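Coordinates in review
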Amino acid sequence: MPRWVPRAIAAFWFGLVVIVTLRWAVGRLAGFLLLLLVSLFLALAIEPAVNRLERRGWRRGRATLLVMLILVVAIVLFLTAIGTLVGGQIADLLQNSEDYVNRIVDFANNLLGTKLDPAEINAEIADPNGRFQRFIASQSGDALRLSFAALGGLLQAFSALLFTFYLVADGARLRRAICRRLPPERQARVLRTWELAIDKTGGYLYSRALLAGLSAVFHWLAFTMIGVPAPVALALWVGIISQFVPVIGTYIAGLLPIVLILVNPGTNPIRALVVAGFIAVYQQIENYVFAPRITARTMELHAAVAFGAALAGAALIGPIGAVLALPFVAMMQAVLSEYGSFHEVIDSPLVRDSRQARSAGRRRASGRRDEDSEEDEP
């Protein structure tokens, strides 16, 4: 037997054991790694604000605590407003279920030409042995499980905030510990990459927050004039969800006010169409007027890149990955833009945007008119 065969067999089994062990460890630590990833992005997002307070004389720990406290208070107020609104609508739906059923059945009969009897449907809902009541009774046993899930979510959120605090408050110490292991030229590159990550991640999230604020203000004014119930809470919902939930955020955000209008007995259903039209029009104004100006100093992602990043993030680590994918891609785009060489793009119809194409078309038309006028001269 050749001498290399036993060594190859030993190396194969050793590599297999290492791979199996790593797979087991990653599976067991998946929750922790996800928690650490969320904390890292939160730290990159809030560090610009902390650095600004530190330059004004604040201690870094206190500045970090203040910024995180503002963030937590804003999130709690938003969730409280939306939860109160949805809870109130659910309570009203349960108290006036007969009226809602009558309206829905009448709407279905008029729209689809059916002949459903609302009295029979209400009797089926009120029947203690009916399918509806049995379904509610079967779901009551899950209340304890949902309570434990909510408690686990709160503990994970607290752990993420604690990690974020230490990553930001002791950021300089962490960077010194990393740089001690590297030669000076590598240290400069690592610190430059870290600085780019902080600037671009914080700038991207800042631009999203500013666009969310603008969207909330305009939707609040529109919802107030249209007569939508709870216009402030719904405007905040539309503004935040449309900006921070990738790809489908606009559709999810616009669905809630439309549904609340349709299930509210005192609201004209035509208002739902008006709300849908306003949301669609504002989305176009935001895409072509507000977003280019706000993101000019931060980072603008191509729509296809954002869509693909969101799908990839969701496939890897679920809904949280879809949300984190956009700032991650923006950060990587900024880091990659610092390295490599760039060249002038040649003029071609394939590389012109709509504005450049229109400009080129006007120049060609002007040139043809000039040629025609020269030919007409005697």
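Presented here is an overview of the structure given in this document. Note that the structure is a prediction, hence the values are computed from the model and not measured. (Residues numbered from 1 in each chain as written. Predicted model: local features only at pLDDT ≥ 70, side-chain atom pairs only at ≥ 80, totals over all residues. Heavy atoms only, no water.)

Topic: the overall build of the protein chain
Selection criterion: By definition, any uninterrupted DSSP run of H or I lasting at least four residues is a helix, any uninterrupted run of E lasting at least two residues is a strand, and each is numbered from the N terminus. Relative accessibility under 20% of the residue-type maximum defines a buried residue, over 50% an exposed one, and the middle range a partly exposed one, all with a 1.4 Å probe and only protein chains included. By definition, residues are in contact when any of their heavy atoms lie within 4.5 Å. Using a 1.4 Å probe, accessible areas were evaluated by the Shrake-Rupley method; residue-level cover was limited to the displayed protein chains.
Counting its secondary structure elements, the protein chain contains 15 helices and zero strands. When each of the 378 residues of the protein chain is scored for burial, the buried share is 28%. Pairs at least 24 residues apart make up 63% of the contacts formed inside the protein chain by residues separated by at least 6 positions. Approximately 25700 Å² of the protein chain is accessible, and the part contributed by carbon and sulfur atoms is 67%.

Quick notes on the pattern of salt bridges
For clarity, the threshold we go by: Salt bridges are identified by distance alone: a Lys or Arg side-chain nitrogen within 4 Å of an Asp or Glu carboxyl oxygen.
The tally for this structure, following the rule as stated, stands at four salt bridges. Two residues, Glu47 and Arg60, come together in a salt bridge whose shortest N-O distance is 2.9 Å. Of this pair, Glu47 sits in helix α2 (residues 30–55) while Arg60 sits in helix α3 (residues 60–95), and the two are 13 residues apart along the sequence. This pair shows no difference in class: Glu47 is buried, exactly as Arg60 is. For Glu54, the salt bridge identified is with Arg60, shortest N-O distance 2.8 Å. The partly exposed category is assigned to Glu54, whose relative accessible area is 36%.

What about helix α9 (residues 184–226)?
Cut-off, in case you're wondering: In a helix, the anticipated span is given by 1.5 Å times the number of residues less one.
End to end, α9 covers 62 Å across 43 residues, agreeing with the expected 63 Å (1.5 Å per residue, within 8%). Where α9 ends, the next residue or the one after it, Gly227, has phi of about 95 degrees, a positive value.

What to know about the environment of Ala230
Tracing the sequence through the fold places Ala230 in the loop between α9 and α10 (231–244). Its relative accessible area of 33% is what places Ala230 among the partly exposed residues. Remark: the alpha-carbon pair of Ala230 and Trp220, spanning ten residues in sequence, is separated by 9.3 Å.

Points about the nonpolar core
Our working definition: Definition of nonpolar core: a set of buried residues of the types Ala, Val, Leu, Ile, Met, Phe, Trp, Tyr and Cys, connected through side-chain atoms within 4.5 Å.
Of all hydrophobic cores here, the largest spans 20 residues; its most connected members are Phe223, Val228, Leu234, Trp237 and Val275. Taken together, the elements giving at least two residues each to this core come down to α3, α9, α10, α11 (249–263) and α12 (270–294). When residues in this core are grouped by element, the largest group, six residues, is from α10. Not counting chain neighbours up to four residues away, the residues in contact with Phe223 comprise Val228, Pro231, Leu234, Ala235, Val238, Pro257 and Val275. One finds Val50, Val67, Met68 and Val168 within the second-largest nonpolar core, a separate group that totals eight residues.

Honestly, it's all geometry; don't read function into it.
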